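Residue-level structure breakdown
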Amino acid sequence: GLGVGTHIETDDDGNWYLGGDFTQVDGVPRRNLARVLADFTLDPDWAPDPNYDVTSLAINSDGKFLYVGGWFTTIGGQDRGHIAALSAATGVPTAWNPGTDGTVYTLALSADDRTLYAGGGFDFVGGQAHIYIDEINASYGKHAIHLASSDIVCRKDPPPRNEPAWRKTALLTG
């Protein structure tokens, strides 16, 4: 079954992407991230296998890329610091790799798919200081613009793993 804090995204083809804290889906081993096809069967070839919990998912508008955030540090056999972009079709990590030094709790894409907003318990993104929240170029993984810390309200300490997702989200004020 699925564990605590399962996050779901869907694409235009009717496929479901499931992220959370689990070890199997419908009796089949799958660690923390899975793809269920439109016919409600588990995709047998899609297994990125992040080494720890997935706390957030975002898929771009054409359904080609799935952005993943969480507690993990590896996904698809690649080092990725709590944030990754995968091919939605294959589950293979792309070269996109901004990396953070702490858990990513929430992700959202801009309407034009150019910017990925990430919030969480981090101090650095891509090796640069961006405390709790950042805007990342969704194509290149580079920092987009810096938000002033006075515009952000967020907890520094990571919340317990079983805390509701809405309490983990960094909030913009004003």
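The following paragraphs examine the structure supplied in this document. (Residues numbered from 1 in each chain as written. Predicted model: local features only at pLDDT ≥ 70, side-chain atom pairs only at ≥ 80, totals over all residues. Heavy atoms only, no water.)

Across the sheet, three strands lie side by side as β11-β12-β15; this open sheet has antiparallel pairing. Looking at strand neighbours, the two that pair on one side only are β11 (104–109) and β15 (133–137), the edges of this open sheet. Across the sheet, the axes of successive neighbouring strands diverge by a mean angle of 25 degrees, strand direction being ignored. As paired strands, β11 and strand β12 (residues 115–120) are joined by five bridges and run antiparallel to one another. (Pairing = 2+ DSSP bridges. Helix = DSSP H or I, 4+ residues; strand = E, 2+ residues; numbered from the N terminus. Axes fitted to C-alpha atoms, helices over the stretch in contact; angles between N-to-C directions.)

Further remarks concern the sheet that holds strand β7 (residues 65–70). Here three strands make up an open sheet; going across it, the order is β6-β7-β10 and the pairing antiparallel. The open sheet has two edge strands with one neighbour each: β6 (54–59) and β10 (83–87). Averaged over all neighbouring strand pairs, the angle between strand axes comes to 25 degrees, with direction disregarded. Here β7 runs beside β10; their pairing, made up of five bridges, is antiparallel. Residue F65 lies in a different strand from β10, and its bridge partner there is S87.

Turning our attention to the packing of aromatic side chains. For the coordinates displayed, the defined rule picks out four aromatic pairs. The interplanar angle of 70 degrees and the centroid separation of 6.4 Å between the aromatic rings of W71 and Y105 together place this pair among those described as edge-to-face. Taken as a pair, W71 in the loop between β7 and β8 (74–75) and Y105 in strand β11 lie far apart in primary sequence, 34 residues in all. With relative accessibility at 22%, the residue W71 sits in the partly exposed group. (Phe/Tyr/Trp six-rings, centres within 6.5 Å; stacked < 30°, edge-to-face > 60°. Buried < 20%, exposed > 50% of the residue type's maximum accessible area, 1.4 Å probe, protein only.)

None of this, on its own, says anything about what the molecule does.
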